[in-house]
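Structural overview
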Amino acid sequence: MEKSLWHHILQVRKKSPLVHNITNFVVMNNSANALLAVGASPIMSHAHSEINEMISICQSLVINIGTLDEYWAQSMIQAAAQAHQLNKPFVLDPVGAGATHFRDTTLTQILHSCPTVIRGNASEILALAKHNISKIKGVDSTAQSNEAIEAARSLTQQFGSVICISGETDIIISENKEIHLKNGNALMTKVTGLGCSATAIIGAFIGVIEDKIEAVVAAMALTSIAGEIAAKTAVGPGTLQVQFLDKLYMITADEFTQHLQLEII
Amino acid sequence: MEKSLWHHILQVRKKSPLVHNITNFVVMNNSANALLAVGASPIMSHAHSEINEMISICQSLVINIGTLDEYWAQSMIQAAAQAHQLNKPFVLDPVGAGATHFRDTTLTQILHSCPTVIRGNASEILALAKHNISKIKGVDSTAQSNEAIEAARSLTQQFGSVICISGETDIIISENKEIHLKNGNALMTKVTGLGCSATAIIGAFIGVIEDKIEAVVAAMALTSIAGEIAAKTAVGPGTLQVQFLDKLYMITADEFTQHLQLEII
Amino acid sequence: MEKSLWHHILQVRKKSPLVHNITNFVVMNNSANALLAVGASPIMSHAHSEINEMISICQSLVINIGTLDEYWAQSMIQAAAQAHQLNKPFVLDPVGAGATHFRDTTLTQILHSCPTVIRGNASEILALAKHNISKIKGVDSTAQSNEAIEAARSLTQQFGSVICISGETDIIISENKEIHLKNGNALMTKVTGLGCSATAIIGAFIGVIEDKIEAVVAAMALTSIAGEIAAKTAVGPGTLQVQFLDKLYMITADEFTQHLQLEII
């Protein structure tokens, strides 16, 4: 798998997929810049009046519920259903899953369309599984990695999604694979929206790469390594955001390969 | 008071308050980054369907009416009422007070919930007092600092709020105190949302610090000093924004203490 | 014309026009920062309840349909009509024209108010003309510059607007003039919202400069030259955005004049 990841990065640059984003207000600018930096073309659109047309012209869809309201929830549910019907891959970022009843019921409706990928932190993956899969036992609110892996497996089985549990180690799970990525830097958690940028970048990769688990691994590795290299010379979170975008755009095969810390379980 | 300010900054870093923001589209990204940089955890959420639950899990609330519309106005009024009922501290940034009838009537409804802190420029504080307190005499549209101080005193008496009049000198007023802060740099006015970031940071401090006037002074001093230091090496407003976030995150006790220009009236 | 352009830039700095923006979520922060950097004062507001009042206090209006929905479409149509009635200049950025039926019908209604300026890429200008002017022949979806020039001429004739076709060469067209600008740098296309920032800056210039085609040329030249100079030392798109804002704020008469590549056809 290691060898094909850089090839996937080049494919995204070459094919420049059109990625439709229904994402949150806080990170729209970051996400669009991250997509441009990896070579994709972002579209941001949420109007009920045009969602179906937008889905039909894009290669993939990104749904991020960070700042959802009733109107936007409908946009997301409609977009997911349309993507499912047209066989367009889509990634779901269940920001704040478990925090409110509204988030959980919206997520349940989006899950009906079987996301190609779900990317969230351990708490979110646990909350998602707990709310949607009856077999899951009650879990502590402090999310444990092992419990999150169980939850991810359940979600994979039920919805056929590749699950990415993001954290110090990113864990990517499909029906028959489990991959651990140990790249990144703690300073990245001090910049808003780097996780959401990762989700957007996953959106670009699943729009181009056939093997969806490889697409997710390539996207997450690219994001984490770019952040890790940027953090080496960043003074703080301000310079990290700037240098992250530079590195996402300029990263070389050597830099990528030398930093990659991948473990296939 | 000088001695306790740095202690308050450390407290925010240590306790990492969860701060709920209903703020404007322009500054959501800055505000979230500013909150992360001082050690707080931002939540941005405005859906009527989840506001009450969100308020209940957060330590404090930030309301900024910059880009309000009818839906968001209701979100803000509802959130303020809920915060008031649950005794959660909240800060109001009355952006553009006095500019339109809609802003003024929305602000009146938010004021019913007695904001813990109100932070605005002299014009906004004057407009707020003029519209809501009958005793205030008519004031010129060109806001004078002295008139604004009178207006701030009236608002403090009526609503019990700590008032922060931001400007070249920031003036912070409670029922029995008046404090002047002379930090900052003129270039900060050329970066959108640094004032709104200051409001968000106040939100973090009132979520952790019991003495609300000290919380406001610490938050404003931290913001202004970080901007002042960043401006020394900034080329223009682009680099200022970046270096401001870096400094907010990295500032030391020595830097803070050596720059602080505080006057207790 | 070359000689008056720098004078126009100084006029904007001196008069600091209040510019009302109804723009898209992705670029609100960039646009506000770009307006501040050139010396203007940005207002962002879209509530139906206050649009008419806002228009009346501003010198000009910017409409950008990037992330429109039904509510925002109404805001834009109402604002355009009000600006037209009060003789306030306004600029339209028809982002994604031709992509969906909803965009096209919204644009048709905005066009009724005869925008002072329309700025878009070749595809958008073609789509706008095709949808609104029956005389235009069917055009290929891959936009050709020459066809776009024909489309721009038709739009100018029908609506009296100055048209700016942005691209590697920016082409600015009025009823009796055609001007080509060859500044800029390809890296600028890798930063989201630089085109939208150009539109916002046009908004500032038409609020102050009487001769509208000169206002557009000055705004576009300033934007492109600032980007071109910033790109010389930028590492990638992250540093480009930062240095672009610095340069927009700090550019000198010499830098501007030495870089200007203007051709009057």
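Here, every reference points to the structure presented above.
Residues numbered from 1 in each chain as written. Chains lettered and ligands numbered in written order. Predicted model: local features only at pLDDT ≥ 70, side-chain atom pairs only at ≥ 80, totals over all residues. Heavy atoms only, no water.

**Regarding the overall build of chain A**
- Across its full length, chain A carries eleven helices and nine strands.
- Over its C-alpha atoms chain A spans a radius of gyration of 17 Å, differing by no more than 12% from the 18 Å that the globule rule assigns to 265 residues.
- Considering only C-alpha atoms, chain A reaches an extent of 45 × 40 × 35 Å along its principal axes.
- For chain A, contacts bridging at least 24 residues in sequence account for 70% of all contacts bridging at least 6.
- Of the accessible surface of chain A, which amounts to about 9,300 Å², a share of 48% is contributed by carbon and sulfur atoms.
- Distance from the positive charge centre (17 side chains) to the negative charge centre (23 side chains) of chain A: 4 Å. (Helix = DSSP H or I, 4+ residues; strand = E, 2+ residues; numbered from the N terminus. Rg over C-alpha atoms; globule rule 2.2 N^0.38 Å. Contact = heavy atoms within 4.5 Å. Areas by Shrake-Rupley, 256 points an atom, 1.4 Å probe, with all protein chains shown as cover. Lys, Arg positive; Asp, Glu negative; His and termini not counted. Charge placed at Lys NZ, Arg CZ, Asp CG, Glu CD.)

**Some thoughts on the side chain of lysine 247 of chain C**
All names here are of chain C.
- One can find lysine 247 in helix H10 (residues 237-250).
- Judged by its relative accessible area of 18%, lysine 247 is buried.
- Contact partners of lysine 247, with chain neighbours within four places excluded, come to Ala226, Ile229 and Glu255. (Buried < 20%, exposed > 50% of the residue type's maximum accessible area, 1.4 Å probe, protein only.)

**Considering the relation of the copies chain B and chain A**
- Placing chain B over chain A gives an RMSD of 0.0 Å and needs a rotation angle of 120°, together with 0.0 Å of translation along the axis. A rotation of that kind, with that shift, is consistent with a three-fold axis. The position closest to the rotation axis in chain B is occupied by the C-alpha of phenylalanine 25 of chain B, lying 3.8 Å away.
- Taken together, the interface assignments show that only 8% of the residues at the interface of chain B recur at the interface of chain A, consistent with different surfaces on the two copies. (Least-squares fit on C-alpha atoms with pLDDT ≥ 70 in both.)

**Observations regarding the interface of chain B and chain A**
- Listed per partner, the contact involves 25 residues of chain B and 25 residues of chain A.
- Applying the counting rule to chain B against chain A returns one salt bridge.
- With a closest N to O distance of 2.7 Å, glutamate 50 of chain B and arginine 103 of chain A form a salt bridge.
- Counting the contacts that link chain B with chain A gives twelve residue pairs in polar contact (both at pLDDT 80 or more).
- Elements with a contribution of two residues or more to the side of chain B that touches chain A: helix H2 (28-37), helix H3 (51-57), helix H4 (70-85) and helix H10 (237-250) of chain B. (Salt bridge = Lys/Arg side-chain N within 4 Å of Asp/Glu carboxyl O. Polar contact = N/O pair within 3.5 Å; in protein donor to acceptor, adjacent residues only side chain to side chain.)

**Focus: the sheet that holds strand E5 (residues 117-121) of chain A**
Residue and element names in this part refer to chain A.
- With respect to topology, nine strands assemble into an open sheet ordered E2-E1-E3-E4-E5-E6-E7-E8-E9, the strand pairing being mixed. With partners counted over all chains shown, the strands left at the sheet margins are strand E2 (41-44) and strand E9 (262-264), one partner each. Mean inter-strand twist for the sheet, computed between neighbouring axes without regard to direction, equals 20°.
- Looking at chain direction, strand E1 (residues 18-22) and E2 are connected through four bridges and run parallel. (Pairing = 2+ DSSP bridges. Axes fitted to C-alpha atoms, helices over the stretch in contact; angles between N-to-C directions.)

**Observations concerning the pattern of salt bridges**
- Under the counting rule described, the total for this entry stands at 18 salt bridges over all chains.
- Among the ionic pairs, arginine 153 of chain C bridges to glutamate 178 of chain C, the shortest N-O distance being 2.6 Å. Of this pair, arginine 153 of chain C sits in helix H7 (residues 145-159) while glutamate 178 of chain C is found in strand E8 (residues 178-181), placing the two residues 25 residues apart along the sequence.
- Since its relative accessible area comes to 11%, glutamate 178 of chain C is described here as buried.
- Among the charged side chains, a salt-bridge network with shared partners connects Glu150, Arg153 and Glu178 of chain A.

**Brief notes about the pairing of E1 of chain A**
Residues and elements named next belong to chain A.
- Buried residues dominate E1, accounting for four of its five residues.
- The handedness of the E1 to E2 crossover, carried by helix H2 (residues 28-37), is right-handed.
- As defined by bridge partners, E1 adjoins strand E3 (residues 60-64) across four bridges and the pair is classed as parallel. Paired with histidine 20 across the strands is leucine 61, a residue of E3. (Right-handed = clockwise from strand over helix to strand, strands pointing away.)

**Examining the interface of chain A and chain C**
- Contact residues are listed per partner, giving 24 residues for chain A and 25 residues for chain C.
- Across the chain A/chain C interface, buried area totals approximately 2,000 Å², and carbon plus sulfur atoms make up 61% of it.
- Counting the contacts that link chain A with chain C gives one salt bridge.
- Applying the counting criterion to the chain A and chain C interface returns twelve residue pairs in polar contact (both at pLDDT 80 or more).
- Counting residues per element, the ones that place at least two in the side of chain A that touches chain C are H2, helix H3 (51-57), helix H4 (70-85) and helix H10 (237-250) of chain A.
- Among the elements that make up the side of chain A that touches chain C, the one with the highest residue count is H2 of chain A (six residues). (Buried area = accessible area lost by both parts, 1.4 Å probe.)

**Structural notes on the relation of the copies chain A and chain C**
- You can overlay chain A on chain C at an RMSD of 0.0 Å; the transform is a turn of 120° with a shift of 0.0 Å along its axis.
- Here only 8% of the contact residues of chain A are again contact residues in chain C; the copies associate through non-equivalent surfaces.

**Things to note about the sheet that holds strand E2 (residues 41-44) of chain B**
Residue and element names in this part refer to chain B.
- Here we have nine strands laid out as an open sheet, ordered E2-E1-E3-E4-E5-E6-E7-E8-E9, and mixed in their pairing. Each edge of the sheet is formed by a strand with only one pairing partner; in this case those strands are E2 and strand E9 (262-264). Taking each pair of neighbouring strands and ignoring which way they run, the sheet shows an average axis angle of 20°.
- Pairing between strand E5 (residues 117-121) and strand E6 (residues 162-166): five bridges, direction parallel.

**Comments concerning empty space enclosed by the protein**
- Applying the stated rule across the entire model yields two cavities of 30 Å³ or more.
- Reported here for the largest cavity is a volume of approximately 470 Å³.
- Considering the residues around the largest cavity, the lining is formed by 22 residues, among which Asn29 and Gln241 of chain A, Asn29 and Gln241 of chain B together with Gln241 of chain C are closest to the centre.
- Secondary structure elements with two or more residues in the lining of the largest cavity: H2 and H10 of chain A, H2 and H10 of chain B together with helix H2 (28-37) and H10 of chain C.
- Ranked by residues supplied to the lining of the largest cavity, first place goes to H10 of chain C with five residues.
- Grouping the amino acids of the lining of the largest cavity by side-chain chemistry returns seven nonpolar, 15 polar and no charged.
- Considered as a void within the structure, the second largest cavity measures approximately 80 Å³ in volume. (1 Å grid on protein atoms, 1.4 Å probe; cavity = no way out; pocket = protein on both sides within 12 Å on 5 of 7 lines; lining within 4 Å. Points joined across faces, edges and corners; volume = space filled by probe spheres on them. Nonpolar A, V, L, I, M, F, W, Y, C, P; charged D, E, K, R; others polar.)

**Describing the nonpolar core**
- Counting 141 residues, the largest nonpolar core has Ile165 of chain A, Ile165 of chain B together with Ile165 of chain C as its most contacted members.
- Setting aside its immediate chain neighbours within four residues, isoleucine 165 of chain C contacts Gly120, Asn121, Ala122, Ile125, Ala148, Ile149, Ala152, Asp170, Ile171 and Ile173 of chain C. (Core = buried A, V, L, I, M, F, W, Y, C linked by side-chain atoms within 4.5 Å.)

**Observations regarding helix H9 (residues 212-233) of chain A**
All names here are of chain A.
- Between its terminal C-alpha atoms H9 stretches 33 Å, which fits the 32 Å expected from 22 residues at 1.5 Å a residue.
- Burial within H9 is extensive, with 19 of its 22 residues counted as buried.
- Of the residues that open H9, the one with a side-chain oxygen 3.2 Å from the backbone nitrogen of isoleucine 213 is aspartate 211. (Expected span 1.5 Å × (residues − 1).)

**A few points about the pairing of strand E6 (residues 162-166) of chain C**
Residues and elements named next belong to chain C.
- Among the five residues of E6, five are classified as buried, and the element is accordingly described as predominantly covered.
- Of the two faces of E6, both are covered, the one formed by Val162, Cys164 and Ser166 as well as the one formed by Ile163 and Ile165.
- By the bridge criterion, three bridges tie E6 to strand E7 (residues 170-173) in an arrangement that is antiparallel. In the strand pairing of E7, cysteine 164 is matched with isoleucine 172.
- The antiparallel hairpin formed by E6 and E7 contains three residues in its connecting segment.

**Observations concerning the packing of H10 of chain A against H10 of chain B**
- At a closest axis distance of 6 Å, the pairing of H10 of chain A and H10 of chain B adopts a crossing angle of 135°. One finds that H10 of chain A runs oblique with respect to H10 of chain B. Along the contact surface, H10 of chain A presents Pro237, Gly238, Thr239 and Val242 of chain A, while H10 of chain B presents Val242, Leu245, Asp246 and Tyr249 of chain B. (Parallel < 35°, antiparallel > 145°, perpendicular 65-115°, else oblique.)

**Description of the side chain of arginine 103 of chain B**
- Following the sequence through the fold, arginine 103 of chain B ends up in helix H5 (residues 101-111).
- On the basis of relative accessibility, which here comes to 2%, the residue arginine 103 of chain B falls in the buried class.
- Side chain to side chain, arginine 103 of chain B and glutamate 50 of chain C meet in a polar contact 2.7 Å long.
- What arginine 103 of chain B contacts, discounting residues up to four positions off in sequence, is Ile65, Gly66, Leu68, Val95 and Gly96 of chain B together with Met44, Ser45, Glu50 and Met54 of chain C.

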